[in-house]
Amino acid sequence: MVNIALLLICLLAGGLLRICRLLPANAHLTLNQLLVTVFIPALTLRHIPEMHITRQFWLPVLVPWFVFLTGLLFFGLAGQLLRSTPQALDRPTLGSLQLTGGISSVSFVGFPLFELLYGERGLAVGIIMSQAGTFGVAMTLGVALASWHTAKHHPVGYHPGRPPAVWQVAGNMLRFPPFPVFLLALAANLAGYRHPTPVRDMLDTISAPFTVLALVSVGMQLRWHVKPGERVHLQLGLLYKLLLAPLLVFALCRFCLDRQDYVAGLCVLGSAIGPMNTAAILASRYQLNAPLASQMVGIGIPLSFPVLLLIYYLMEGGFL
């Protein structure tokens, strides 16, 4: 419960810093730059090389990828259906919804919740789901998607009617500091490297402020007043993230894989957690609809708590 209180305090602090004008109006841009150049790379180097994935954990690894890819289809279809309406999804808005609607905040919200509900075995599943699942999605498909939307929306050497060149997307990905660090950390994992204690302690110290600073940044960008034109977009994103995604994962586990164990239950809960704050940072970094991404995180995470508890009690009571 400490993490939940910390989340609310950090979001509130970020909002107060903006409202009271204690920092420049664009201070969140500098903070985001610090997050993506220092703290996320340190977090990546700390955890990815030491991941241990066994056979029983393939489901929590693959489910976040399933949720993200299904979200791409859902929001892409919604964009087509809304194309000729006043609520049409422009490219920055579509990118923000696909990023935030498809990636859960497993590490921050899920870890304490999984441990509370399932004990140490729940926390173990959460770590695997976070590092190889949601974080892996964010640093690969998430970065590629954001780069693609940016190349289409802010084209350099881009010809209308054609998709962005591979070199444009690849260049954007390589210029996003956490991505090459992620590749390096993954190579270290595959090579069997494990951190010596001094290196592990140093990376722990460097990456420790990440959660607080990331949530403060989201709070600084959060606008509780939703513009009438954005209301439908926010509702669409939360509909998928909090309702459709867990329903799809439940159907996958129960009817396609015939899984009813605690790991499958954790996968359903993980898919219903509010959006990952790193996804909002990605949206801001790549000049997508950053205000909408911040509202998806700031509103989606608190709203996910009653949804998560309802799903848990329905599963434990045998209603699902």
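Everything quoted here is computed from the prediction, not taken from an experiment. (Residues numbered from 1 in each chain as written. Predicted model: local features only at pLDDT ≥ 70, side-chain atom pairs only at ≥ 80, totals over all residues. Heavy atoms only, no water.)

> How should the overall build of the protein chain be read in this particular structure?
Counting secondary structure elements, the protein chain contains 14 helices and zero strands. The secondary structure elements of the protein chain, listed N-terminal to C-terminal, are α-α-α-α-α-α-α-α-α-α-α-α-α-α. Over its C-alpha atoms the protein chain spans a radius of gyration of 19 Å, differing by no more than 12% from the 20 Å that the globule rule assigns to 320 residues. With respect to the principal axes defined by its C-alpha atoms, the protein chain has extents near 50 × 50 × 45 Å. Of all 320 residues assigned to the protein chain, the portion counted as buried reaches 53%. Within the protein chain, contacts between residues at least 6 apart in sequence are counted, and of these 84% link residues at least 24 apart. As displayed, the protein chain has an accessible area near 14700 Å², and 69% of this comes from carbon and sulfur atoms. Charge centroids of the protein chain, computed over 19 positive and 10 negative side chains, lie 15 Å from each other. (Helix = DSSP H or I, 4+ residues; strand = E, 2+ residues; numbered from the N terminus. Rg over C-alpha atoms; globule rule 2.2 N^0.38 Å. Buried < 20%, exposed > 50% of the residue type's maximum accessible area, 1.4 Å probe, protein only. Contact = heavy atoms within 4.5 Å. Areas by Shrake-Rupley, 256 points an atom, 1.4 Å probe, with all protein chains shown as cover. Lys, Arg positive; Asp, Glu negative; His and termini not counted. Charge placed at Lys NZ, Arg CZ, Asp CG, Glu CD.)

> I keep staring at the pattern of salt bridges and nothing clicks. Help me out?
Close approach of charged atoms allows side chains with opposite charge to pair. Under the criterion given, the structure shown has four salt bridges. Across the pair Glu50 and Arg46 runs a salt bridge whose closest N-O atoms are separated by 3.1 Å. Assigned by exposure class, Glu50 and Arg46 land together as buried. Glu50 is the partner of Arg200 in a salt bridge, and the nearest nitrogen-oxygen pair spans 3.1 Å. On the criterion of sequence distance, the pair formed by Arg200 in helix 9 (residues 197–207) and Glu50 in the loop between helix 2 (27–47) and helix 3 (58–81) is long-range, its members being 150 residues apart. Since its relative accessible area comes to 22%, Arg200 is described here as partly exposed. (Salt bridge = Lys/Arg side-chain N within 4 Å of Asp/Glu carboxyl O.)

> Whenever I open this one, the state of the cysteines confuses me. Can you help?
In a disulfide, the sulfur atoms of two cysteines are covalently bonded to one another. Within the structure shown, the criterion is met by zero disulfides. Free of any disulfide, Cys253 has its nearest cysteine sulfur in Cys267, 5.3 Å distant. This cysteine, Cys256, is not joined by any disulfide, and Cys253 carries the nearest cysteine sulfur, 9.0 Å off. For Cys256, a relative accessible area of 60% puts it in the exposed group. (Disulfide = S-S within 2.5 Å.)

> Even after reading the chapter, I still don't get the packing of helix 5 (residues 106–118) against helix 12 (residues 262–272), so can you show me in this structure?
Any two packed helices are characterised by the angle at which their axes cross and by the distance between the axes. For the pair helix 5 and helix 12, interaxial distance at closest approach is 11 Å and the crossing angle is 140°. For the element pair helix 5 and helix 12, the recorded crossing hand is right-handed. Packed against helix 5, whose contacting residues are Val106, Phe114, Leu117 and Tyr118, the element helix 12 presents Tyr262, Leu266, Leu269 and Gly270 at the interface. In terms of residue class, the contact of helix 5 with helix 12 is built from seven nonpolar, one polar and no charged. (Axes fitted to C-alpha atoms, helices over the stretch in contact; angles between N-to-C directions. Left-handed = near helix turned anticlockwise from the far one by under 90°. Nonpolar A, V, L, I, M, F, W, Y, C, P; charged D, E, K, R; others polar.)

> Hey, could you run me through the packing of aromatic side chains in this one?
The geometry of an aromatic ring pair is captured by the separation of the ring centres together with the interplanar angle, meaning the angle of the planes. Here the structure, examined in full by the defined rule, presents seven aromatic pairs. Ring geometry for Phe75 against Tyr240: centres 5.5 Å apart, planes inclined by 70°, an arrangement best described as edge-to-face. Of this pair, Phe75 sits in helix 3 while Tyr240 sits in helix 11 (residues 228–256), and the two are 165 residues apart along the sequence. In terms of burial, Phe75 and Tyr240 fall into one category: buried. Residues Tyr312 and Tyr313 carry aromatic rings whose centres are separated by 5.3 Å and whose planes lie at 70° to one another, so their mutual orientation is edge-to-face. For Tyr312, a relative accessible area of 12% puts it in the buried group. One aromatic cluster is present, formed by Tyr118, Tyr262, Tyr312 and Tyr313 through successive ring pairs. (Phe/Tyr/Trp six-rings, centres within 6.5 Å; stacked < 30°, edge-to-face > 60°.)

> Please explain the confidence of the model for the protein chain as it appears in this structure.
Note that predicted coordinates carrying low pLDDT should not be read in detail. Per-residue confidence for the protein chain averages 86 on the pLDDT scale, and 93% of its residues sit at or above 70. Below pLDDT 50 for its whole length, residues 155–162 participates in nine contacts with residues either more than four positions away or in separate chains. (pLDDT = per-residue confidence, 0-100.)

> Which parts of the structure should I look at to understand the side chain of Glu50?
Judged by its relative accessible area of 17%, Glu50 falls in the buried class. Excluding anything up to four places from it in sequence, Glu50 contacts Asn189, Arg194, His195 and Arg200.

> Just checking my understanding: could you explain the environment of Gly298 for this structure?
Structurally, the position occupied by Gly298 is in helix 14 (residues 290–316). What makes Gly298 buried here is its relative accessible area of 1%. Here the alpha-carbon distance between Gly298 and Leu222, two residues 76 residues apart in the chain, equals 6.8 Å.

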